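# Geometric and topological summary
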Amino acid sequence: MAARRIAFICLREYLAPDSLIDDIKAAFGGVVIANEQLTPDSARDLVASGRADAVAFGRDFIATPDLPARLRNGLPLNQQDPATFYVGGAKGYVDYPVAEEV
């Protein structure tokens with residue numbers, strides 16, 4: 001992929017002893033964005049250690065519309081309601097509270 005000048009890879013690679021993130025990053029040689037059940041702490045550790053260049057959040061971003069501010073300020077995230085994900089309608093998308101409302 002590096003030879004094809006791919007800008008980045010966004011991995012859904014679960015962090016465990018058998019994780020391939022380090023091997024993938026070494027083989028690719030480009031920007032790696034980690035995304036798979038990360039916590040704020042595991043995300044910070046991945047970037048600080050150089051194992052990933054950036055991180056992405058999916059379900060936590062759906063449930064916590066002000067996720068960047070909460071991560072920056074060490075605030076707790078909203079509880080996710082996966083039963084409302086991708087089913088249409090406003091519930092589960094625009095009804096999660098922002099930190100000031102909690």
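Notes on the structure follow. Every value quoted in this text rests on a predicted model; they were computed, and no experiment measured them.

Criteria and thresholds
- Residues numbered from 1 in each chain as written.
- Predicted model: local features only at pLDDT ≥ 70, side-chain atom pairs only at ≥ 80, totals over all residues.
- Heavy atoms only, no water.
- Helix = DSSP H or I, 4+ residues; strand = E, 2+ residues; numbered from the N terminus.
- Buried < 20%, exposed > 50% of the residue type's maximum accessible area, 1.4 Å probe, protein only.
- Polar contact = N/O pair within 3.5 Å; in protein donor to acceptor, adjacent residues only side chain to side chain.
- Salt bridge = Lys/Arg side-chain N within 4 Å of Asp/Glu carboxyl O.
- Core = buried A, V, L, I, M, F, W, Y, C linked by side-chain atoms within 4.5 Å.
- Contact = heavy atoms within 4.5 Å.
- Pairing = 2+ DSSP bridges.
- Arc of directions from axis to C-beta.

Glancing now at the environment of I24. Within the element layout of this structure, I24 appears in helix α1 (residues 21–28). Look at I24 and you get partly exposed, because its relative accessible area is 25%. For the pair I24 and E13, spaced 11 residues apart in sequence, the C-alpha separation works out to 9.8 Å.

Below, the discussion takes up the environment of S42. Here S42 is to be found in helix α2 (residues 40–49). Each C-alpha atom, one on S42 and one on L15, is 8.8 Å from the other, the two residues being 27 residues apart in sequence. Within the local environment of S42, its side chain forms a polar contact with the backbone nitrogen of T39, the two atoms lying 2.8 Å apart.

The next subject is the pattern of salt bridges. Considering all chains together, one arrives at six salt bridges under this definition. Linking D53 and K25 is a salt bridge whose minimum nitrogen-to-oxygen distance equals 2.8 Å. Placement of the pair is D53 in the loop between α2 and β3 (54–55) and K25 in helix α1, with a sequence separation of 28 residues. Residue D53 is classed as partly exposed on the basis of its relative accessible area, which comes to 39%. The partner of R70 in a salt bridge is D66, with the nearest N and O atoms 2.8 Å apart. Both residues of the pair, R70 and D66, count as buried.

Among the nonpolar cores identified, the biggest contains 12 residues, and these are I9, L11, I21, F28, V32, A34, L38, A43, L46, A52, F57 and L67. If you list the elements that add at least two residues to this core, you get β1 (8–11), α1, β2 (31–34) and α2. Dropping the residues within four chain positions of it, A34 is found in contact with L11, I21, L46, A52, A54, V55 and A56.

With that settled, consider the sheet that holds β2. Taken in spatial order, the three strands of this open sheet run β1-β2-β3, and their pairing is parallel. Looking along the sheet, the strands with just one partner apiece sit at the ends: β1 and β3. Sheet analysis places β2 next to β3, joined by two bridges and oriented parallel. Residue I33 lies in a different strand from β3, and its bridge partner there is A54.

In this section: α1. Within α1, burial applies to I21, K25 and F28. Buried residues of α1, viewed axially, fall in a sector of 75°; they line one side. For α1, the exposed residues set more than 90 degrees away from the buried face come down to D23, A26 and A27.

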